[in-house]
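# Residue-level structural notes
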Amino acid sequence: MSRRHIPTPFLLLIAVAAAFLWLTSQSLPDVVGSHFDASGAADGFMPRRLYVGFMIVVVVVLPLLLVIVQSFVLGSPGARINLPNREYWLAPERRTETIDFLRQHLAQFGSMLVVFLCYAHWLVVRANAVTPPQLAAFWFVGGICVFLAAALLWVNALLGHFRNVPR
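Presented here is an overview of the structure given in this document. Here the structure is a predicted model, which means the values were calculated and not measured.

## Quick look at unusual backbone geometry
The amide bond that connects T131 to the next residue, P132, takes the cis arrangement and shows omega of -5°. Assignment of secondary structure puts P132 in the loop between α4 (92-127) and α5 (137-163).

Okay, here's the thing in C-alpha cells:
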C-alpha cells in the first residue's frame, strides 16, 4: 500500500496531535492524575513519562493503525465490503472510486477520533493544574456527546452516499 492511500490532511493532523501531546504534557506534574471518578476527582495516577507514552499510543498510533490497516484491507481484491447496493458500487468500473471514497471517509473518522482524544488529554492537563487533580466532568461529558453526534452524522453520510443508485 502506498502513502497515497492515506490522505495528507490526516497525516498532518497526526503530526500536529503528536506535537500537541508532547508540548502540553510538559506542564504536567511528575505524577499525573490519569483516571477520574464520575464527580471528576482523580482516582488513578501514573508517572508523567508513562502517561505521555500511553497517550501517544492512544492518540497517534491507534488512529493511524486504524486508518492504515483498514485502507490496506479495503484495497485487497478479496475484501468483503458490506455496503448498501454493493453490487452497483463495487462493480469493476466503480470499485476504485468507491474504495477511494471509503478511504477518505475512514480518514475523516480517524481525524474526529484524534481531535476528541486530544480534547480529552487537554482536559486531563487542565485537571492536573490544580491540587488535587479535578477533571471538569461537564466538559468531558459534553465532549463525548459532541463526538457521538459527529460519529452518527459520519455514519449517516457514509450510508447515505451508498443508499441511492444513480439512474
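## Re the pattern of salt bridges
Counted according to the given criterion, the structure contains two salt bridges. Ionic pairing is found between R48 and D30, a salt bridge with its closest N-O pair at 3.5 Å. Placement of R48 in helix α2 (residues 48-75) and of D30 in the loop between α1 (8-25) and β1 (31-36) is noted, with a sequence separation of 18 residues between them. Among the residues examined, R48 registers a relative accessible area of 27% and is labelled partly exposed. Residue class for D30 comes out exposed when judged on its relative accessible area of 60%. Note that E93 and R94 form a salt bridge whose closest N and O atoms lie 3.3 Å from each other.

## Focus on the packing of α2 against α4
Across the interface, α2 lies against α4 with an axial gap of 9 Å and an inter-helix angle of 170°. One element, α2, and the other, α4, form an angle in the roughly antiparallel class. Grouping the constituent residues of the contact of α2 with α4 by class yields 18 nonpolar, five polar and two charged.

## A short note on the nonpolar core
The biggest cluster of nonpolar side chains holds 43 residues, and the ones touching the most others in it are F10, Y51, V59, I81, L83, L102 and V114. Elements with a contribution of two residues or more to this core: α1, β1, β2 (42-47), α2, α4 and α5. In this structure V114 touches F10, L13, I14, A17, V59 and P63, once residues within four positions along its chain are discounted.

## Some points on the environment of V124
Along the chain, the position of V124 falls in helix α4. Its relative accessible area of 10% is what places V124 among the buried residues. Residues V124 and A15, spaced 109 residues apart in sequence, show a C-alpha to C-alpha distance of 20 Å.

## Regarding the packing of aromatic side chains
Two aromatic rings, taken as a pair, are described by how far apart their centres are and by the angle between their planes. This structure, assessed with the given rule, holds nine aromatic pairs. Judged by centre distance (6.0 Å) and plane angle (55°), the rings of F109 and F147 are tilted. Placement of F109 in helix α4 and of F147 in helix α5 is noted, with a sequence separation of 38 residues between them. Between the aromatic rings of F138 and W139, the centroid separation amounts to 5.4 Å while the plane-to-plane angle is 85°, which identifies the pairing as edge-to-face.

## Describing the packing of α1 against α2
Direction vectors running N to C along α1 and α2 enclose 175°, while the axes themselves pass 10 Å from each other. In terms of orientation, α1 lies roughly antiparallel with respect to α2. Each of F10, L11, I14, A17, A18, L21, W22 and S25 in α1 lies in contact with α2, whose residues at this interface are R48, V52, M55, I56, V59, V60, P63, L64 and V67. By residue class, the composition of the contact of α1 with α2 is 15 nonpolar, one polar and one charged.

What counts and what doesn't
- Residues numbered from 1 in each chain as written.
- Predicted model: local features only at pLDDT ≥ 70, side-chain atom pairs only at ≥ 80, totals over all residues.
- Heavy atoms only, no water.
- Helix = DSSP H or I, 4+ residues; strand = E, 2+ residues; numbered from the N terminus.
- Salt bridge = Lys/Arg side-chain N within 4 Å of Asp/Glu carboxyl O.
- Buried < 20%, exposed > 50% of the residue type's maximum accessible area, 1.4 Å probe, protein only.
- Axes fitted to C-alpha atoms, helices over the stretch in contact; angles between N-to-C directions.
- Parallel < 35°, antiparallel > 145°, perpendicular 65-115°, else oblique.
- Nonpolar A, V, L, I, M, F, W, Y, C, P; charged D, E, K, R; others polar.
- Core = buried A, V, L, I, M, F, W, Y, C linked by side-chain atoms within 4.5 Å.
- Contact = heavy atoms within 4.5 Å.
- Phe/Tyr/Trp six-rings, centres within 6.5 Å; stacked < 30°, edge-to-face > 60°.

Geometry only, nothing functional implied.
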